[in-house]
Amino acid sequence: MASPLFSTVEELAGLVREPDLDRLVVLGQRLLDESRGLAPDELTAAVGELAEVLKVGPYGEFARLALVARSFVLRGGSPLPLVPEVVPWIVRVLALRVLLSHAWPTVRRWRWPKTPPDPASDRVPEWGDFVVRCKANADRFDLTEAGAVAMARSWRDIDPWLRLLHTAMERQEFRAAVAPLLPELTDLVDQLAEELHTADCIAGLARVLDDAPLVVLDADSGRGYHLTMSGIGDNCQLHTLLADRLIGDPADGLILGLRPQPAWVAAATTGPAETPFPDHTLRRFRLFDGTGAYLSPEGRPSDIAERDGVRVVVAHPPRGNHGWLHGRRFVNMVPTLALDEIMTPADAAAWHASITPARQDDFLGP
């Protein structure tokens, strides 16, 4: 079923074939205006229609249509229609941008400025010369002339594509759908992480665990717990969610301690993401893995050491008032942490016996 935006998207498709920048601006704004108030299924249909335009690889100002698709996803549309053909295009642009990054020392030897031209600029000769020089030196990068031009264009085209990918990857169903591409995607964004903040964010999203089993052992009581986690961006968030799930009445098999404040839990899930000083989030545990290594709150769950295919966390009582202002790293990613089972005393004792004692040598660990 066509979305209410179908005719406008169709007109945009014609502009990609016969560019008209003024008309592009008008139609892009119309899509944003008319998409307000649409139901999620209508927005999903609109994402699919726009994907037909995006899959042809529009560049320059037309690459900004990726931001229109992003707005549809932010408003509730599914990003899944982007997976078959748009995501491979984004990977291609990423690969070209990585190649350009590697080629830049050569580009500088062409008496070019120390930094590339402004991505938002179409000034001549600055931008035009850049494209011409890349094209003229295509053989240096083992590219065709068209490939060299595409490499040059990736400098300014990459941002809208990465912003679309970032938003899509905050959705668990999208992360599952692009799983076959994650190794290549992760390698590319890792190479750009120091240059581009959005690439660094995507590198973190590519490492998010979904439906991952987690064993938590309480050092003081000797208890143990089986949990399943999805969509947790960093260990700060994990700290708060573990405290919310596991601190309670010991008579119910839970861990004795101070429960996190509701505002902290909201910041780690779907509420306002900040907990401003002096009411910032405080840790309720010191966490170590099964090898005895301290788990920094700034680290990621994917960094936790595995034992027999399961990540193991050992909770020790907190010391001091170590805390943080941001409850979650990825604002639109909804986490889950389910307490599946409280271990029997025998199972908990076996798990505790199998781990290495905590090496409390980190200055935040003690």
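Please refer to the structure higher up on the page.
Quantities reported herein were computed from a predicted structural model and do not represent experimental measurements.

**Side note on empty space enclosed by the protein**
Alright, step 1. Counted under the stated rule, the structure contains one cavity of 30 Å³ or more.
Alright, step 2. Volume-wise, the largest cavity comes out at about 30 Å³.
Alright, step 3. In this structure, the largest cavity is lined by Gly204, Arg207, Val208, Leu209, Ile232, Gly233, Arg300, Pro301 and Ser302.
Alright, step 4. Of the residues assigned to the lining of the largest cavity, the class counts are four nonpolar, three polar and two charged.

**Quick look at the environment of valine 189**
Alright, step 1. Considering the arrangement of structural elements, one finds valine 189 in helix α9 (residues 182-192).
Alright, step 2. Between the alpha carbons of valine 189 and aspartate 234 there is a distance of 18 Å; along the sequence they are 45 residues apart.
Alright, step 3. Residues within four places of valine 189 in sequence aside, it is in contact with Leu94, Ala199, Ile202 and Ala203.

**Thoughts on the environment of serine 71**
Alright, step 1. Looking at the element boundaries, serine 71 is found in helix α4 (residues 65-74).
Alright, step 2. Sequence spacing of serine 71 and leucine 31 is 40 residues, and the spatial spacing of their C-alpha atoms is 9.7 Å.

**Quick word on the pattern of salt bridges**
Alright, step 1. Tallied over the entire structure, the rule returns 13 salt bridges.
Alright, step 2. Its salt-bridge partner being arginine 97, residue glutamate 195 comes within 3.0 Å of it at the nearest N-O pair. Linking glutamate 195 in the loop between α9 and α10 (197-205) with arginine 97 in helix α5 (residues 86-108), this pair joins segments that are 98 residues apart in sequence.
Alright, step 3. For glutamate 195, a relative accessible area of 40% gives the class partly exposed.
Alright, step 4. Exposure remark for arginine 97: the relative accessible area of 2% places this residue in the buried category.
Alright, step 5. Residue aspartate 234 pairs with arginine 329 through a salt bridge whose shortest N-O separation is 3.5 Å. A residue pair is termed long-range when its members are at least 10 positions apart, and aspartate 234 in the loop between β2 (224-230) and α11 (235-246) and arginine 329 in the loop between β7 (323-324) and β8 (336-342) qualify at 95 residues.
Alright, step 6. The exposure class assigned to arginine 329 is partly exposed, which follows from its relative accessible area of 36%.
Alright, step 7. A network of salt bridges, in which partner residues are shared, links Glu52, Lys55 and Glu85.

**Focus: the nonpolar core**
Alright, step 1. If you look at the biggest cluster of nonpolar residues, it comprises 57 residues, and the most contacted ones within it are Leu54, Phe72, Trp161 and Met169.
Alright, step 2. Of all the secondary structure elements, the ones that give two or more residues to this core are α1 (6-17), α2 (21-35), α3 (40-54), α4, α5, α7 (145-169), α9 and α10.
Alright, step 3. Counting residues per element, this core draws most heavily on α5, which supplies eight residues.
Alright, step 4. Setting aside anything within four residues of it in sequence, one finds leucine 54 in contact with Leu65, Ala66, Ala69, Leu82, Val86, Trp89, Trp161 and Leu164.
Alright, step 5. Of all hydrophobic cores here, the second largest spans 24 residues; its members include Leu209, Ala212, Leu214 and Ile247.

**Re the pairing of strand β6 (residues 310-316)**
Alright, step 1. Burial analysis of β6 places seven of its seven residues in the buried class, the great majority of the element.
Alright, step 2. Both faces of β6 are covered, namely the face carrying Val310, Val312, Val314 and His316 and the face carrying Arg311, Val313 and Ala315.
Alright, step 3. Strand direction decides the pairing type here: strand β1 (residues 212-218) and β6, joined by five bridges, are parallel. Each residue of the ladder has a partner; that of aspartate 218, found in β6, is alanine 315.
Alright, step 4. As judged from the four bridges shared by strand β4 (residues 286-289) and β6, these two strands associate in the antiparallel manner. Considered in β6, the bridge of aspartate 289 is made with valine 313.

**Describing α9**
Alright, step 1. Along α9, the residues that are buried comprise Leu182, Leu185, Thr186, Leu188, Val189 and Leu192. Viewed along the axis of α9, the buried residues span an arc of 165°, placing them on a single side of the element.

**Let's talk about the packing of α4 against α7**
Alright, step 1. One way to put it is that α4 packs onto α7 with a least axis distance of 8 Å and a crossing angle of 15°. As far as their axial angle goes, α7 and α4 are roughly parallel. Taken as a pair, α4 and α7 cross one another with a handedness that is left-handed. Facing Ala66, Leu67, Ala69, Arg70, Val73 and Leu74 of α4, the residues of α7 in contact are Pro160, Trp161, Arg163, Leu164 and Thr167.

**Brief notes about the packing of α1 against α3**
Alright, step 1. For the pair α1 and α3, interaxial distance at closest approach is 9 Å and the crossing angle is 5°. Accordingly, the angle class assigned to the pair α1 and α3 is roughly parallel. Contacts between α1 and α3 pair Phe6, Val9, Ala13 and Val16 from the former with Glu49, Leu50 and Val53 from the latter.
Alright, step 2. Looking at side-chain class alone, the contact of α1 with α3 contains six nonpolar, no polar and one charged residues.

Procedures and definitions
Residues numbered from 1 in each chain as written. Predicted model: local features only at pLDDT ≥ 70, side-chain atom pairs only at ≥ 80, totals over all residues. Heavy atoms only, no water. 1 Å grid on protein atoms, 1.4 Å probe; cavity = no way out; pocket = protein on both sides within 12 Å on 5 of 7 lines; lining within 4 Å. Points joined across faces, edges and corners; volume = space filled by probe spheres on them. Nonpolar A, V, L, I, M, F, W, Y, C, P; charged D, E, K, R; others polar. Helix = DSSP H or I, 4+ residues; strand = E, 2+ residues; numbered from the N terminus. Contact = heavy atoms within 4.5 Å. Salt bridge = Lys/Arg side-chain N within 4 Å of Asp/Glu carboxyl O. Buried < 20%, exposed > 50% of the residue type's maximum accessible area, 1.4 Å probe, protein only. Core = buried A, V, L, I, M, F, W, Y, C linked by side-chain atoms within 4.5 Å. Pairing = 2+ DSSP bridges. Arc of directions from axis to C-beta. Axes fitted to C-alpha atoms, helices over the stretch in contact; angles between N-to-C directions. Parallel < 35°, antiparallel > 145°, perpendicular 65-115°, else oblique. Left-handed = near helix turned anticlockwise from the far one by under 90°.

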